[in-house]
Amino acid sequence: MTADLFAYEFLRNAVFASLLASIACGIIGSYVVVKKIGFISGGIAHTAFGGIGLGYYLGINPLFGVIPFSLFAAVAIGLLSRKARVAEDTAIGAFWAVGMAAGVILIGLTPGYAPNLFSYLFGNILTVPADDLWMIVILDFCIAALTWLFSKEFLAISFDEEYAEVSGVKTTLFYLLLLCLIALTVVILMRVVGIVLVIALLTIPAAIARLFCRSLGAMMLLATMLSALFSLAGLWVSYQLDLASGAAIIVLAGSAFLLVHTARFVIASVRGR
Amino acid sequence: MNHEVIRCEGLCVELGGVAVLRDLSFSVDEGDFLAVVGPNGGGKTTLLRVLLGLQKPSSGSVSVFGAEPGNTPGRTGYVPQRLFFDRDFPLSVMDAVLMGRIALKTPFQRYSKADREAAAEALRTVGLSSLANRRIGALSGGELQRTLIARALAGEPELLLLDEPTASVDPEMKTTIYDLLDRLRKSMTILLVTHDTGTVSRFVSRVLCLNCSMVQREAPSSFPGGRAVEQVYPYPVDLLVHHADRGLQPTSKP
């Protein structure tokens, strides 16, 4: 594969996309895990499918449809559950399904065949064009910069939201901003593992990292490295065995997750004896 | 000179159509150490939430430092009853206490050396300096409670609001926490919600008995017999009455 890496642009792009996506994944995945908002993230990701439909329908790069659509989904789910007294899981469930339905309808309305629809659902890192790489770089930069600027607010609302509120932090505003950053991360990860599988890459590397870290910053760093490891290893496996790349990445990450937790359980029970 | 820190007039709070607080009027002056006692459902925590600006009153007026509640976060410290958090949260005790400084910072600002020193000082005050680098999930109940007090102290508040700080700790830790509050009262106004009707009268300057509407006692010296407390608690209450000249005298309602 190493020789092919230099020979084929699509392989180089795939490696770059894996590494770049891991940055957003490690940073935002850590918040998703410590604030326990994995289900919301899944809701935003699936709603984003409507954005892909919109992109097809308008005949533009689907990513340009997905970005506004997923940001809208993030703000709408967040506001509905915070302000309109709708139970959070109800709001998520409704958006989840309606977003997908909107996508299917819009794609159906588009004349002709939608060729790489499957790759948005389950990812195909081997088809990432150079233009999309630049978009991922820009989104990564936005995510990292905003996280750095508001790290103390994000930490405060993740750890103890009520205390943050009485300390004068605009908690709803920062919560919505965090959901928007999740939406942008979903857009990035969509290329790598697809809408359906996003949630695993947002949670698994961070969940493993949390076991070994004493600060959120360290957790982000380790989660980024783990995410890069899983993505590159998954890419290699999919290339060698001719498997779907997104699915290979997720199965690898899931296996590692299972392994770490089994090891932890065994060590704990051995010590307990 | 005594400044008024809290003023409530005709405060009513309804939650889901049920009156939790009815026509409550009281004030707290600078330097007061006020205990709010009363049975569960008596509105103690609701009163704290109103003072913190988390709950809007249905009618009546409340002011904290002469402003609407919630508008002076930098002057008010809050110690919640119990923090339900993920034991695996990757956070050190020091970083948790540092969050007590957030009210003094604007967005974009990062914690400075001065913030870290204030947090370290707060940890010293509660006697937890040695645990500064420990993961917060590894603390015992009493250590966590003192960490929460340190977090509130790190912001150098003028008013400290505590919600049952001794609810989940053993008797020895209870004494430690009350001794700590007794030291703190010299430098700040304290309002304490508690069930410790016995212990509390030894330390506080005033007791507010809350059961929807309220009975107020000006000073613990007028506590004998504990009629006020008995009126608000629907069950027998053990009271330790302190007479300035005779020391402790246990009394209990038959």
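Residues numbered from 1 in each chain as written. Chains lettered and ligands numbered in written order. Predicted model: local features only at pLDDT ≥ 70, side-chain atom pairs only at ≥ 80, totals over all residues.

Draft legend 1. Inspection of the overall build of chain A at higher detail. A tally of regular secondary structure across chain A gives 14 helices and zero strands. Listing each helix as α and each strand as β along chain A from the N terminus yields α-α-α-α-α-α-α-α-α-α-α-α-α-α. Taken over the C-alpha trace, chain A has a radius of gyration of 19 Å; the compact-globule value for 273 residues is 19 Å, and the two agree within 12%. Overall size of chain A, expressed as C-alpha extent along the three principal axes, is 55 × 50 × 35 Å. Buried positions account for 52% of the 273 residues belonging to chain A. Residue pairs in contact within chain A that sit at least 24 positions apart in sequence constitute 74% of those at least 6 positions apart. (Helix = DSSP H or I, 4+ residues; strand = E, 2+ residues; numbered from the N terminus. Rg over C-alpha atoms; globule rule 2.2 N^0.38 Å. Buried ≥ 20, exposed ≤ 12 C-beta atoms within 10 Å, placed from the backbone. Contact = placed C-beta atoms within 7 Å.)

Draft legend 2. Inspection of the packing of helix 11 (residues 171-193) of chain A against helix 12 (residues 198-210) of chain A at higher detail. Residues and elements named next belong to chain A. Packing of helix 11 against helix 12 brings their axes to within 9 Å, and their N-to-C directions diverge by 105 degrees. Relative to helix 12, the element helix 11 is oriented roughly perpendicular. Counted together, Thr185, Val186, Leu189, Met190 and Val193 of helix 11 and Val198, Leu201 and Leu202 of helix 12 form the full contact between these two elements. In terms of residue class, the contact of helix 11 with helix 12 is built from seven nonpolar, one polar and no charged. (Axes fitted to C-alpha atoms, helices over the stretch in contact; angles between N-to-C directions. Parallel < 35°, antiparallel > 145°, perpendicular 65-115°, else oblique. Nonpolar A, V, L, I, M, F, W, Y, C, P; charged D, E, K, R; others polar.)

Draft legend 3. Structural detail: the pairing of strand 1 (residues 4-15) of chain B. All names here are of chain B. Of the pairings in the sheet, the one linking strand 1 to strand 2 (residues 18-29) comprises eight bridges and is antiparallel in character. The residue bridging glutamate 4 from the neighbouring strand is aspartate 29, located in strand 2. Between strand 1 and strand 2, which pair antiparallel in sequence order, lie two residues; one of them, glycine 16, sits at a positive phi of approximately 60 degrees. (Pairing = 2+ DSSP bridges.)

Draft legend 4. How the structure looks around helix 12 of chain A. Taking 1.5 Å of rise per residue, the 13 residues of helix 12 of chain A would be expected to cover 18 Å, and the 19 Å separating its terminal C-alpha atoms lies within 8% of that figure. Where burial is concerned, most of helix 12 of chain A is hidden: 13 out of the 13 residues are buried. (Expected span 1.5 Å × (residues − 1).)

Draft legend 5. Seen up close, unusual backbone geometry. Even without being a glycine, Lys36(A) presents a positive backbone phi close to 55 degrees. Mapped onto the elements, Lys36(A) comes out in the loop between helix 2 (9-34) and helix 3 (38-47).

Draft legend 6. Local environment of the sheet that holds strand 1 of chain B. Residue and element names in this part refer to chain B. Strand order in this open sheet of three strands is 2-1-4, and the pairing throughout is antiparallel. A strand with exactly one partner marks an edge of an open sheet, and here the two such strands are strand 2 and strand 4 (59-64). Across the sheet, the mean angle separating the axes of adjacent strands is 20 degrees when strand polarity is ignored. Contacting strand 1, strand 2 and strand 4, helix 1 (residues 44-51) crosses the sheet at an angle of about 120 degrees to strand 1.

Draft legend 7. Looking closely at the nonpolar core. Ranked by internal contacts, the top residues of the largest apolar core, which has 164 residues, are Ile44(A), Ala183(A), Val198(A) and Leu201(A). Those residues within four positions of Ile44(A) in sequence are excluded, and the remaining contacts are Ser70(A), Ala73(A), Ala74(A), Ile77(A), Leu179(A), Ile182(A), Ala183(A) and Val186(A). (Core = buried A, V, L, I, M, F, W, Y, C linked by C-beta atoms within 7 Å.)

Draft legend 8. Molecular detail of the confidence of the model for chain B. All names here are of chain B. Put simply, chain B has an average pLDDT of 82, and 82% of its residues get 70 or more. Confidence, expressed as mean pLDDT per element, reaches its minimum in chain B at strand 11 (residues 247-252) with 41 and its maximum at helix 2 (residues 93-98) with 96. Scored below 50 in pLDDT, residues 240-254 makes 24 contacts in the model with residues more than four places away or belonging to other chains. Across the interface, the model reports ipTM at 0.86; the global pTM reads 0.88. (pLDDT = per-residue confidence, 0-100.)

Draft legend 9. Quick look at the environment of Glu153(A). Within the element layout of this structure, Glu153(A) appears in helix 9 (residues 151-159). Once residues within four sequence positions are removed from consideration, Glu153(A) is found in contact with Val169(A), Phe174(A) and Pro107(B).

Draft legend 10. The packing of helix 4 (residues 49-58) of chain A against helix 6 (residues 88-109) of chain A, seen in detail. Residues and elements named next belong to chain A. Contact geometry for helix 4 and helix 6: axes closest at 7 Å, N-to-C directions at 15 degrees. Considering the angle they form, helix 4 stands roughly parallel to helix 6. Seen from above, helix 4 lies across helix 6 with left-handed handedness. For the pair helix 4 and helix 6, the contacting residues are Phe49, Gly50, Ile52, Gly53, Leu54, Tyr56 and Tyr57 in the first and Gly99, Met100, Ala102, Gly103, Val104, Ile105, Leu106, Ile107 and Leu109 in the second. Residues belonging to the contact of helix 4 with helix 6 are distributed by class as follows: 12 nonpolar, four polar and no charged. (Left-handed = near helix turned anticlockwise from the far one by under 90°.)

Draft legend 11. How the structure looks around the environment of Thr175(B). All names here are of chain B. Its place among the elements puts threonine 175 in helix 5 (residues 171-184). Judged by the 13 C-beta atoms lying within 10 Å of it, threonine 175 is partly exposed. Considering only alpha carbons, one finds threonine 175 and leucine 144, 31 residues apart in sequence, at a separation of 16 Å.

Draft legend 12. Fine view of the pairing of strand 3 (residues 33-37) of chain B. All names here are of chain B. Burial of strand 3 is extensive: five of the five residues sit out of reach of the surface. Burial along strand 3 is two-sided: the residues Phe33, Ala35 and Val37 and Leu34 and Val36 are all buried. The sheet contact formed by strand 3 and strand 7 (residues 189-193) spans four bridges and is parallel. Paired with valine 36 across the strands is valine 193, a residue of strand 7.

Draft legend 13. A look at the environment of Leu259(A). Residue and element names in this part refer to chain A. Of note, leucine 259 is situated in helix 14 (residues 245-272). Of the residues examined, leucine 259 has 11 C-beta atoms within 10 Å and is grouped as exposed. Residues leucine 259 and valine 33, 226 residues apart in the sequence, show an inter-C-alpha distance of 19 Å.

Draft legend 14. Main features of helix 8 (residues 130-149) of chain A. Residue and element names in this part refer to chain A. An ideal rise of 1.5 Å per residue puts 28 Å on 20 residues; helix 8 measures up with 29 Å between its terminal C-alpha atoms. Those residues of helix 8 that sit buried are Ile136, Leu139, Asp140, Ile143 and Thr147. Seen end-on, helix 8 carries its buried residues on one side only, within an arc spanning 110 degrees. Away from the buried face of helix 8 by more than 90 degrees, exposed residues Ala130, Asp131, Trp134, Ile138, Phe141, Ala145 and Trp148 are located. On its buried face, helix 8 is in contact with helix 2, helix 9 and helix 11. (Arc of directions from axis to C-beta.)

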